[in-house]
Amino acid sequence: MIAEDASRVVESCRVCGSRLLHTALDLGMTPLANAFVPPERRHQRQDRFPLVLLQCEVCGLAQLSVVVRPEVLFSNYHYSSSASSPMVEHFDELAAEMIARFGGPDSFIVEVGSNDGVLLGPLVRRGARVLGVEPAANLARVANERGLETLPAFFSSAVARRIALEHGPANVIVANNVLAHIDNLHDVASALDVLLAPDGVFIAEFPYLADLVDMTEYDTIYHEHLSYFALGPLTRLFGEHGLEPFDVQRLRMHGGSLRLFVGRRGRHLVSDQITSLQEAEVEGGLTRRGSLLKLAANVARSRDALRSMIQGIHSDGGRLAGYGATAKSTTLLTYCEIGAAEIEFIADTTPLKQGLLTPGTHIPIVPEGELMRVRPDYALLLAWNYADAVLSRHKAYLAAGGLFIHPIPLARIIPS
Ligand code: JHZ
Ligand code: ZN
């Protein structure tokens, strides 16, 4: 059931070019994570693609075995950052830090994968000159309508050249949760070289491989995420383009992320955080062969625990819904074989997703108010990365006796 022209098989590592790629984890065939289905199309065939994680034996980059064409994944995108209030707060804080650390009076900031303008907005409010680059035409339109200039394009060295000509060099280029989506990382690194001012800074946030492994966050593996980064392989990538990471922060976002600061080699003082994270990666063997073996065992254990908890709830006559129609949920539900027979509906705040069905498993997505109206006994927390925010948002559901199931790393009921 694979649409041949929609994907290509990965034969060599996208960072170092080695063909020595070994399979670390096989999650089976899954539909695309954000391919939500309109109910009238429920009987149509939906493409599935192998979801297999490889690791490069030379540079250690963890990467998927197939690349689905970006036009298929991102041209019309249902994930809007502003639908998650913790994201809005997170990017407001980032905007403040960016302006304080790197923003002069008339600094020019380019955001790659700017979505609906969730970061551009607070940057403009703080006086920056900004330009978004966003391939999802629907989201670029929303941002432009808000007065946040956004090019509807995939970022590349060609686009960077155009921007440099029209707007001049960028003091900051920022790319949040987008590096993992990009196949040709070397072209993006040369785009940075083209567009960054001499002392310019590239800031990128992305989920951190160490956290994925430590917390068995296997559901963050899906076709949009081509690469699963550690600092080591990225340092190698940037190094080939005269760039170097000079600072890094660990964030709780998305189950554990890095915020990396990259500049031209030698232009910025390299922080102790960089050195100690590099050392920790080498010591822990994060990018060495076999480092992901424990992940495969833990993933199977996680699935078994969740399935038996759900069976127990059903055999006691309990009602089960889901909370958060995340991209992650497509991997989790498909791999654990949890569908509309197990879960009545999934509540979600994103208007674009409401009324649609989950990819492959066809569970109806409803406005979040339904959680309180129907009040199932349990809600499977598919947006587990926002557990604190969800719990404080749904005090009424909890007060009425409703509970959540936190599926990662091993299913547990919260609040306990
Ligand atoms: P959330 C996204 O993945 C997509 P997803 C993307 N591919 C990516 O790279 C990762 O992020 C990092 C809803 N929600 O952020 C809104 C509530 O209903 O976990 C969203 O549909 N109530 C770019 O989709 C979903 O949950 C709430 O209170 O796995 C959140 O999706 C909150 C906070 C969210 O990422
Ligand atoms: Zn490699």
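Structure: see above.
Source: prediction; values computed, not measured. Within each chain, residues carry numbers counting from 1 in the order of the written sequence. The order in which chains are written sets their letters, starting at A; the order in which ligands are written sets their numbers, starting at 1. Restriction of local features to residues with pLDDT of at least 70 applies here, the model being predicted, together with a cutoff of 80 or more for giving and counting side-chain atom pairs; totals for whole chains, interfaces and linings are based on all residues. Side-chain metrics rest on all non-hydrogen atoms present in the structure, leaving aside hydrogens and water.

Draft legend 1. Up close: the packing of aromatic side chains. Pairing of aromatic side chains requires ring centres within 6.5 Å, counting the rings of Phe and Tyr and the six-membered ring of Trp. Pairs whose planes differ by under 30 degrees are stacked, by over 60 edge-to-face, and all others tilted. On inspection of all chains with the given rule, the structure shows 9 aromatic pairs. For the ring pair F246 and F261, a centre distance of 6.3 Å and an interplane angle of 50° mean the geometry is tilted. Taken as a pair, F246 in strand β12 (residues 243–251) and F261 in strand β13 (residues 257–264) lie far apart in primary sequence, 15 residues in all. Each member of the pair, F246 together with F261, is buried. Centroid distance Y397 to F404: 5.2 Å. Interplanar angle 65°. Geometry classified as edge-to-face. Exposure remark for Y397: the relative accessible area of 1% places this residue in the buried category. Throughout, exposure labels follow a simple rule: accessible area from a 1.4 Å probe, protein chains only, divided by the maximum for the residue type, with under 20% read as buried, over 50% as exposed, and the rest as partly exposed. Residue F404 is classed as buried on the basis of its relative accessible area, which comes to 0%. Following the ring pairs from residue to residue traces out a cluster consisting of F74, Y77 and Y79. Numbered from the N terminus, helices here are DSSP runs of H or I no shorter than four residues, and strands are runs of E no shorter than two.

Draft legend 2. Structural context of unusual backbone geometry. The step from I408 to P409 runs through a cis peptide bond, and the omega angle for that step is -5°. Structurally, P409 is set in the loop between β18 (403–406) and β19 (412–414). Omega for the bond connecting I414 with P415 falls within 30 degrees of zero, at -10°, which places this linkage in the cis form. Tracing the chain through its elements places P415 in the segment after β19. In this structure, N115 takes a positive phi of about 50° despite not being glycine. Since its relative accessible area comes to 7%, N115 is described here as buried.

Draft legend 3. Representation of the sheet that holds strand β2 (residues 21–30). Spatial strand order, β2-β3-β4-β11: 4 strands in an open sheet with antiparallel pairing. Each edge of the open sheet is held by one strand with a lone partner, namely β2 and β11 (227–228). Strand pairing is assigned whenever DSSP identifies at least 2 bridges connecting the two strands. In the sheet, β2 pairs with strand β3 (residues 49–56) via 7 bridges, with the strands oriented antiparallel. By the bridge assignment, D26 is partnered in β3 with V52.

Distances and angles like these do not, on their own, reveal function.
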